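Residues per chain are reported as follows:
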Amino acid sequence: MARHFKDRIIEGDCIEEMRKLADGSVDLVFADPPYFMQLGGALTRPDQSNVDGVDDEWDKFADFAAYDAFTRAWLTEARRVLKPNGAIWVIGSYHNVFRLGAAMQDMGFWILNDIVWRKTNPMPNFKGTRFTNAHETLIWAARSKEAKYTFHYDALKMLNDELQMRSDWTLPICTGGERLKDREGRKLHSTQKPEALLHRVVLATTKPGEVILDPFFGTGTTGAAAKRLGRHYIGIERSADYVAGAQARLKKIKPVSIEDLAVTKSKKEEPRVPFGQVIEAGMIAPGAWLVGQNGKRARVRADGSLAFGEATGSIHRIGALVCDAPACNGWTFWSLETKRGPQPIDLFRREVRRQMAMAPAA
């Protein structure tokens, strides 16, 4: 990918402009394509005032066949520019999301989740002929079944008060000061998404410094979330008015400091530290005694093994033995006996990891 595409809004047709990007050059695609809402006429409130509907030219297609052809064309380019371990998010409504999902599966994307964005303040159904449409659907998919995609599970759990993040997200629609307006004070874009929605997507599925492509950039919500969270963006937008609004918006965004971009990591992401490495570092000396949660004691040996009576083995094997259990996590079971009382040995593992993180690269 040419360097000049980073952190830039490209004015033009999304398919034509994506063709200029190199193969495997972006880490994530977030796409908010036309919904093809097929409005049959003006929508009015009970007081006969008009409701702002999506009747823009960019949402009009001759028929489903034309919409499907457009969908497959831009998805083909999106998949081409994604890195092998990249992923894509696509958002839609009942008008188009099922067509999008079918096309994605046909083209080799591997669907990971569908997310229901439940709007806390949806527009009512003024005609009273259907249920109030109070949600939109996001599809999250990896480039392929084999892709080792990014997902910060523990960070999302922390974002949700240490509860596992579910696939239904309750967030308000874009209103107030966040909503971009034109010179007459009207909505600049009829379907501007809230930055809170993109914050969650970007935080969950990208790393700082990665590149996010939005082929339907609109007023730049993806770029705003990316810039704020230390990611790069490439925006493609064919409306000059939207481009101008997005550029002005992005100039005001202040990135989060580098030290504040770190997120809670999964235990699986942390480097493996054998107990013997703690011994080598001099944090626990051979001959020291460890005490288990059940009060049983074992002696540390120079090679990082433990001795319990005639038995010897790893902290996990001896932990399981003294617990009479099939398995044991020795890091959480054992503590070091000291004059100040027992100290969990996992504290020493954390210190080793801290030192590993601080060590300069070779």
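Details of the structure are given in the entry above.
All values derive from a computational prediction rather than experimental measurement.

**Structural notes on the packing of helix α2 (residues 64-81) against helix α3 (residues 97-106)**
Running from N to C, α2 and α3 point in directions that differ by 45 degrees, and their axes come no closer than 10 Å. Judged on the interaxial angle alone, α3 and α2 are oblique. As for the relative orientation of α2 and α3, their crossing is right-handed in sense. Where α2 approaches α3, its residues Phe64, Tyr67, Asp68, Thr71, Arg72, Trp74 and Leu75 are matched on the opposing element by Arg99, Leu100, Ala103, Met104 and Asp106. Within the contact of α2 with α3, the residues separate by chemical class into seven nonpolar, one polar and four charged.

**With respect to the environment of Ile236**
Positionally, Ile236 belongs in strand β8 (residues 232-237). Counting along the chain gives 20 residues from Ile236 to Phe216, while the straight-line C-alpha distance between them is 5.8 Å. Filtering out sequence-adjacent residues up to four positions away, Ile236 remains in contact with Ile10, Gly12, Asp13, Cys14, Glu17, Met18, Leu213, Asp214, Pro215, Phe216 and Phe217.

**Things to note about helix α9 (residues 315-323)**
Among all positions of α9, only Ile315, Ile318, Gly319, Ala320 and Val322 are buried. Those residues of α9 that are buried are in contact with α8 (275-280), β10 (297-300), β11 (306-308), β12 (311-313), α10 (330-333) and β13 (334-336). Note on α9: the residue one or two positions beyond its end, Asp324, has a positive phi of about 55 degrees.

**Brief notes about the sheet that holds strand β1 (residues 8-11)**
The strand order across the open sheet formed by eight strands is β1-β8-β7-β2-β3-β5-β4-β6, and the pairing between neighbours is mixed. Looking at strand neighbours, the two that pair on one side only are β1 and β6 (168-171), the edges of this open sheet. Neighbour to neighbour, the strand axes of the sheet diverge by 20 degrees on average, direction disregarded. Sheet topology note: the strand β7 (residues 211-214)/β8 ladder contains four bridges and is parallel. Note that in β8 the partner of Val211 across the bridge is His232. Docked against the sheet, helix α5 (residues 195-205) engages β2 (26-31), β3 (82-92), β4 (110-119), β5 (135-142), β6 and β7, running at close to 140 degrees with respect to β6.

**Details of a nonpolar patch on the surface**
Together, Tyr149, Phe151 and Tyr153 make up an exposed nonpolar region whose accessible area comes to about 260 Å². Locating Tyr149 in the fold gives a position in the loop between β5 and α4 (153-159).

**Side note on α5**
With respect to burial, α5 is a largely interior element, nine of its eleven residues being buried. Turning to α5, its buried residues number three or more, namely Glu195, Leu197, Leu198, Arg200, Val201, Val202, Leu203, Ala204 and Thr205.

**As for the environment of Ile234**
Inspection of the secondary structure assignment puts Ile234 in strand β8. We classify Ile234 as buried; its relative accessible area is 0%. The spatial distance from the C-alpha of Ile234 to the C-alpha of Ile212 is 6.2 Å, given a sequence separation of 22 residues.

**Quick look at the pattern of salt bridges**
Tallying each qualifying case throughout the model produces 18 salt bridges. A salt bridge links Arg297 to Glu337; the nearest nitrogen and oxygen atoms lie 2.9 Å apart. You can see Arg297 sitting in strand β10 and its partner Glu337 sitting in the loop between β13 and β14 (343-344), a full 40 residues away along the chain. You can call Arg297 partly exposed: its relative accessible area is 36%. Glu337 sits in the partly exposed class, given a relative accessible area of 35%. Each of the salt bridges in this network shares a partner with another, and the network as a whole consists of Arg19, Asp23, Glu77 and Arg80.

**A few points about the sheet that holds β11**
Strand order in this open sheet of six strands is β12-β11-β10-β9-β13-β14, and the pairing throughout is antiparallel. Strand pairing shows two members of the sheet lacking a second neighbour, β12 and β14, which therefore form its edges. Summarising the sheet, strand β9 (residues 289-292) and β13 pair through three bridges and their orientation is antiparallel. Bridged to Val291 within β13 is Ser335. Lying on the sheet, α9 is in contact with β10, β11, β12 and β13; it crosses β12 at an angle near 140 degrees.

**Things to note about the side chain of His95**
Looking at where His95 falls in the secondary structure, it is placed in the loop between β3 and α3. At a separation of 2.6 Å, a polar atom in the side chain of His95 contacts the side chain of Ser93. Among the polar contacts listed, one links the side chain of His95 to the side chain of Tyr94, at a separation of 3.2 Å.

**Quick look at the environment of Asp13**
Positionally, Asp13 belongs in the loop between β1 and α1 (14-18). On the accessibility criterion, Asp13 (27% relative accessible area) is partly exposed. Separated by 225 residues in the primary sequence, Asp13 and Arg238 place their C-alpha atoms 5.5 Å from one another. Beyond its immediate chain neighbours, meaning those up to four positions away, Asp13 contacts Ile236 and Arg238. Among the polar contacts listed, one links the side chain of Asp13 to the backbone nitrogen of Ile15, at a separation of 3.1 Å.

Thresholds applied
Residues numbered from 1 in each chain as written. Predicted model: local features only at pLDDT ≥ 70, side-chain atom pairs only at ≥ 80, totals over all residues. Heavy atoms only, no water. Axes fitted to C-alpha atoms, helices over the stretch in contact; angles between N-to-C directions. Helix = DSSP H or I, 4+ residues; strand = E, 2+ residues; numbered from the N terminus. Parallel < 35°, antiparallel > 145°, perpendicular 65-115°, else oblique. Left-handed = near helix turned anticlockwise from the far one by under 90°. Contact = heavy atoms within 4.5 Å. Nonpolar A, V, L, I, M, F, W, Y, C, P; charged D, E, K, R; others polar. Buried < 20%, exposed > 50% of the residue type's maximum accessible area, 1.4 Å probe, protein only. Pairing = 2+ DSSP bridges. Patch = residues over 30% accessible without salt bridge, like charges linked within 9 Å, V, L, I, M, F, W, Y side chains within 5 Å. Areas by Shrake-Rupley, 256 points an atom, 1.4 Å probe, with all protein chains shown as cover. Salt bridge = Lys/Arg side-chain N within 4 Å of Asp/Glu carboxyl O. Polar contact = N/O pair within 3.5 Å; in protein donor to acceptor, adjacent residues only side chain to side chain.

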